[in-house]
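# Fold and geometry: a report
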Amino acid sequence: MVKPNLKVKIGSLELKNPVMVASGTFGSGEEYGNLVDLNKLGAIVTKSITLKPREGNPPPRLVETPSGILNSIGLQNDGIETFIKDKIPFLNKVKTAVIVSIAAHSINDYAEIAGRLNKIKRVDALEINISCPNVRGGLEFSKEPDSASAVVAAVKNRTSKPIITKLSPNVKDISEIAMAVQEAGSDAVSLVNTFTGMAVDIETKMPVLGNVVGGLSGPAIKPIALHMVWETARRVRIPVIGIGGIMDYRDALEFIIAGASAVQIGTANFVNPKAAVEIIAGIEGYMRRNKIANMKELIGCLKT
Ligand code: SIN
């Protein structure tokens, strides 16, 4: 059999395969560059950047749970100007798609960051993070269709790059938010960000996380994320990018068969830095074994 075609399209952006590394779990790739062939990835989604630098939340900011992690990083980053100066030169050498995640507290700030990135050729697409549970107001824009679409419309107005909107599972109906951002011009949606959670130290009777609450990711959330992806993919026309506890290629295929055009690997990177490249090889092996020539045959092929 000839080599299966793993290419997928996210709006006008073509990826060499459907496997990206999720924002906040892979930096901008430098730290992983010695361990993993970054050029094999479908895309790198960078840690969310804000207009001004942010120190993030007080420690502890990570807690292991029986089947995942809780994080309360709080959008720590060096701000857009330092990102452009320090990270873009490295990313210029990487031969895969670069998707820059952006976060803000105001619609104007989202638009401003999008405007500044629009001039940078290396940035292939933007992922609008309206779903961080770890900062005050971080979920504000993801809760209602109107506020989510207002952010997308403002970003769209300042960029010619494809836009992905990253959605929160901490809402009543995630597919309704997906439909709203689609109408506002989002080229794709990625879901899910983390589920709000917490942990308590029974000896001190204090919250374990410095910020009290955090976001749960990892295998514990996979079935719920998968259900949200399936429901959303049935309702929207734009590509859905599946995220949530994907640890191996079988998990990735579950999301793709349920309707995801691509997937993002997050928590698994902390366990095995090579997880994403192993997942790409695993998907290719599955396609060969099952004589599937093209990813298109797999996306949304769930028999119900
Ligand atoms: C964080 O920096 O707190 C995590 C980002 C996110 O959950 O969107």
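Going by the structure above, here's the rest.
Below, the structure is looked at part by part. Every value quoted in this text rests on a predicted model; they were computed, and no experiment measured them.

## Remarks on unusual backbone geometry
A cis geometry characterises the amide bond from Pro59 onward to Pro60, with omega recorded as -10°. Residue placement: Pro60 occurs in the loop between strand 4 (43–45) and strand 5 (62–65). That bond from Leu191 to Val192 is cis: its omega, 15°, falls within 30 degrees of zero. Mapped onto the elements of the fold, Val192 is located in the loop between strand 10 (188–191) and strand 11 (195–198).

## Thoughts on a nonpolar patch on the surface
Taken together, Met198, Val200, Ile202 and Val212 make up a surface patch of nonpolar side chains, about 390 Å² in accessible area. Within the element layout of this structure, Val200 appears in strand 12 (residues 200–201).

## Quick notes on the packing of aromatic side chains
Under the defined criterion, the tally for this structure stands at 2 aromatic pairs. Seen in terms of ring centroids, Phe26 and Tyr32 are 3.9 Å apart; in terms of plane orientation they differ by 15°. Their pairing is stacked. Looking at Phe26, the relative accessible area reads 0%, which means it is buried. Centroid distance Tyr110 to Phe141: 5.7 Å. Interplanar angle 80°. Geometry classified as edge-to-face. With Tyr110 in helix 2 (residues 107–118) and Phe141 in the loop between strand 8 (125–129) and helix 3 (145–156), this pair connects stretches of sequence that are 31 residues apart. Just as Tyr110 is buried, Phe141 falls in that class too. Looking at Arg234, its charged tip hangs above the ring of Trp230, at a distance of 3.8 Å from the centre.

## A word on the sheet that holds strand 8
Sheet strands pair by backbone hydrogen bonding; their relative direction is either parallel or antiparallel. One closed barrel accounts for 8 strands, arranged 3-4-7-8-9-10-15-16; its pairing is parallel. Adjacent strand axes in the sheet meet at a mean angle of 25° when their direction is disregarded. With 4 bridges connecting them, strand 7 (residues 97–102) and strand 8 associate as parallel partners. In the strand pairing of strand 8, Val100 is matched with Leu126.

## Quick notes on the side chain of Ser101
Summarising the element assignment, Ser101 is placed in strand 7. A polar contact of 2.6 Å, which involves the side chain of Ser101, links it to the side chain of Ser48. With residues near it in sequence (within four places) discarded, Ser101 still touches Ser23, Val45, Thr46, Lys47, Ser48, Ile49, Glu127 and Asn129.

## A short note on the nonpolar core
As a rule of thumb, nonpolar side chains are buried together in soluble globular proteins. Core analysis: the biggest nonpolar cluster contains 90 residues, and Ile102, Leu117 and Ile283 have the highest contact counts within it. The dominant element in this core, judged by the number of residues it contributes, is helix 8 (residues 275–289), at 7 residues. Setting aside its immediate chain neighbours within four residues, Ile102 contacts Ile49, Tyr110, Ile113, Ala114, Leu117, Leu126, Glu127, Ile128, Asn129 and Val155.

## Comments concerning the sheet that holds strand 11
Pairing is antiparallel in the open sheet, where 4 strands are placed in the order 5-6-14-11. Strands at the two margins of the open sheet, each flanked by one partner only, are strand 5 and strand 11. When strand polarity is set aside, the average angle formed by the axes of neighbouring strands in this sheet is 40°. Two strands pair when backbone bridges link them, and strand 6 (residues 68–71) and strand 14 (residues 213–217) are joined in this way by 3 bridges, in the antiparallel orientation. Bridge assignment links Leu70 to a residue of strand 14, and that residue is Leu216.

Procedures and definitions
- Residues numbered from 1 in each chain as written.
- Predicted model: local features only at pLDDT ≥ 70, side-chain atom pairs only at ≥ 80, totals over all residues.
- Heavy atoms only, no water.
- Helix = DSSP H or I, 4+ residues; strand = E, 2+ residues; numbered from the N terminus.
- Patch = residues over 30% accessible without salt bridge, like charges linked within 9 Å, V, L, I, M, F, W, Y side chains within 5 Å.
- Areas by Shrake-Rupley, 256 points an atom, 1.4 Å probe, with all protein chains shown as cover.
- Salt bridge = Lys/Arg side-chain N within 4 Å of Asp/Glu carboxyl O.
- Phe/Tyr/Trp six-rings, centres within 6.5 Å; stacked < 30°, edge-to-face > 60°.
- Buried < 20%, exposed > 50% of the residue type's maximum accessible area, 1.4 Å probe, protein only.
- Lys NZ or Arg CZ within 6 Å of the ring centre and 35° of its normal.
- Pairing = 2+ DSSP bridges.
- Axes fitted to C-alpha atoms, helices over the stretch in contact; angles between N-to-C directions.
- Polar contact = N/O pair within 3.5 Å; in protein donor to acceptor, adjacent residues only side chain to side chain.
- Contact = heavy atoms within 4.5 Å.
- Core = buried A, V, L, I, M, F, W, Y, C linked by side-chain atoms within 4.5 Å.

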